[in-house]
Amino acid sequence: MTARSVRTGRAEPVIVEAFSRGLDWFRPAAALYAGTVVWRRHDAMLRPWVAFTVIAVLMAFSLALLVFRRRTTGLLVAEVALAVGGIFATLLADHPEDVAAGQFTLPTIWAAGCVAGAAVLHGRLGGFVVAAVIATADILEVGSPTPTTWHNILLLFLLGVLIGLAIDLARGSLQRYEQVLAERERLRERERLARVVHDGVLQTLAFIHRRGEEMGGDGAELGRLAAEQERTLRRLVSQDVVNPRPESTVAGAAPVALGDLRAVLGSHEGERVSVSLPGGPVLVDGERASEIDAAVVAALDNVDRHAGPEARAWVLLEDSGETVTVTVRDNGVGDEPEHLHSAAQRGRLGVSQSIIGRVRDLGGSAEIVTRPGGGCRVVISVPREESA
């Protein structure tokens, strides 16, 4: 990309500047070619002075654009007007029978520069519109279009649309690149704030939690509230970390933001919860990451409510490529398997809906293993991407 284009006044892809510089030299070269064609056949023209006047104007305009480098829509309109005027001036300069036979117009290939310039300035739509204007002028000038006329018109449309498409793709890529840079800066700022919160607020809440438990009574209640706020704050400062390189899951679809599951699950680390994570990022769709996290939260809530006051929990995240697996186990009092499986019939839907049902909706599976005195183990396996 260029820092700031002198032609458009904004940041542009390098290809735009390359096309613009090429057009700057194409115009005088095309005017010189047109002048050569006129010189070689001026003796056979009806009014050769009209032809030389047109060539002089086109050459002057082309040389002026080498100095005046800013490109605007108004300047493009003036360029197209000169090309159309030169085409119709052929009717004055040449004999009618030569025009009807398909003799070259006075601007010849100079008119193609207008089409390319419109494509560079306004993309494929601009190239198409100007190609249509030049084509209409060619048809009106010759009266009965010859095969050569239609051939040249087809080339004009191909030139305008293909160059415009390349420009549109380049500008779209530049826009996405700028969005990635902005998102990267946002993530850096978020990480900085997360470090500040971790080193200050979270440490203070953890201290209040420990001291409250030691004090007992109202202090224990205060410590419990502090622990809840600590867990909530950890989730807020680290959830939904967006991948700086968005990927599209389907051709033509909008890019899907990917979340790093490590950051989401890492927020549950606490005094009674240990989290083990892979070394590299585990990127999944942001919504799937939220659902997996919700299932893990439900499992940890069960540990907090039913495993006993001294129970600890361990969360293990594994990435096997197409599938991610999260294991939540604890060393609590455990339960009878039959009692756990019949919980839904007794109106307790935490396991059946919050864990098994949620994971099933993601196309995955959840296995729960427990026994009295042996704690509980929840194994959640979910495909990285939603199946078709």
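The preceding data block contains the structure.
We now turn to the structure provided with this report. Every residue gets a number counted from 1 within its own chain, in the order that chain's sequence is written. A pLDDT threshold of at least 70 governs which residues receive local features in this predicted model, and a stricter bar of 80 or more applies before side-chain atom pairs are shown or counted, although totals over entire chains, interfaces and linings include all residues. Side-chain metrics in this entry use all non-hydrogen atoms of the structure; hydrogen atoms and water are not considered.

Describing the pattern of salt bridges
Salt-bridge detection follows one rule: a side-chain nitrogen of Lys or Arg within 4 Å of a carboxyl oxygen of Asp or Glu. Tallying each qualifying case throughout the model produces 10 salt bridges. Note that E79 is salt-bridged to R27, the shortest N-O span being 2.8 Å. Highlighted residues: E79 in helix α3 (residues 73–93) and R27 in helix α1 (residues 14–40), separated in sequence by 52 residues. Accessibility assignment for this pair places E79 and R27 in one class, buried. The shortest N-O distance in the salt bridge between D319 and R384 comes to 2.4 Å. Of this pair, D319 sits in strand β4 (residues 313–319) while R384 is found in the segment after β7 (376–383), placing the two residues 65 residues apart along the sequence. Here the term buried applies to any residue with accessible area under 20% of the maximum for its type, exposed to any over 50%, and partly exposed to those in between, with areas from a 1.4 Å probe on protein chains only. Taking the relative accessible area as the measure of exposure, D319 reaches 35% and is therefore partly exposed. Salt bridges here are not isolated pairs; linked through shared partners, they connect D24, R27, R71 and E79. The secondary structure listing takes helices from DSSP runs of H or I that are at least 4 residues long and strands from runs of E that are at least 2 residues long, numbered from the N terminus.

Side note on the side chain of H268
If you trace the backbone, H268 turns up in the loop between α8 (261–266) and β2 (273–276). Each polar contact in these results corresponds to two N or O atoms within 3.5 Å; when the atoms are within protein, one needs to be able to donate a hydrogen and the other to accept it, and residues that are neighboring in sequence are counted only if both atoms are side-chain atoms. Side-chain polar atoms of H268 contact the side chain of D293, separated by 2.6 Å.

Remarks on the sheet that holds strand β6 (residues 365–370)
Strand pairing in a sheet takes place through backbone hydrogen bonds and is either antiparallel or parallel in direction. In this description, strands pair whenever DSSP reports at least two bridges between them. A sheet is described by the order of its strands in space; here 5 strands give the open sequence β2-β4-β5-β7-β6, paired in mixed fashion. The strands lining the two open edges of the sheet, one partner per strand, are β2 and β6. Strand-to-strand twist of the sheet, defined as the mean angle between neighbouring strand axes without regard to direction, takes the value 10°. Relative to β7, strand β5 (residues 323–330) runs antiparallel, the two sharing 8 bridges. Its bridge partner being in β7, V324 is matched across the sheet by V382. Along the sheet, helix α9 (residues 286–306) contacts β2, β4, β5 and β7; its crossing angle with β5, the most-contacted strand, is approximately 15°. Here, axes are lines fitted to C-alpha atoms. For helices the fit covers the stretch in contact, and angles between N-to-C directions go from 0 to 180 degrees. The contact definition used throughout considers only heavy atoms, calling two residues in contact when any of these lie within 4.5 Å.

Quick word on unusual backbone geometry
Its identity is not glycine, yet T108 carries a phi of approximately 45°, on the positive side. Tracing the backbone through its elements, the reader meets T108 in the loop between α4 (96–100) and α5 (110–142).

Observations regarding α3
Turn by turn, an α-helix covers 3.6 residues, leaving residues three or four places apart pointing in a common direction. How far a helix is expected to stretch is found by multiplying one less than its residue total by 1.5 Å. The end-to-end C-alpha separation of α3 is 30 Å, in line with the 30 Å expected for 21 residues at 1.5 Å each. Of the positions making up α3, those classed as buried are L75, L76, E79, V80, A83, V84, G86, I87, A89, T90 and A93. Contact partners of the buried residues in α3: α1, α2 (48–67), α4 and α5.

Distances and angles like these do not, on their own, reveal function.
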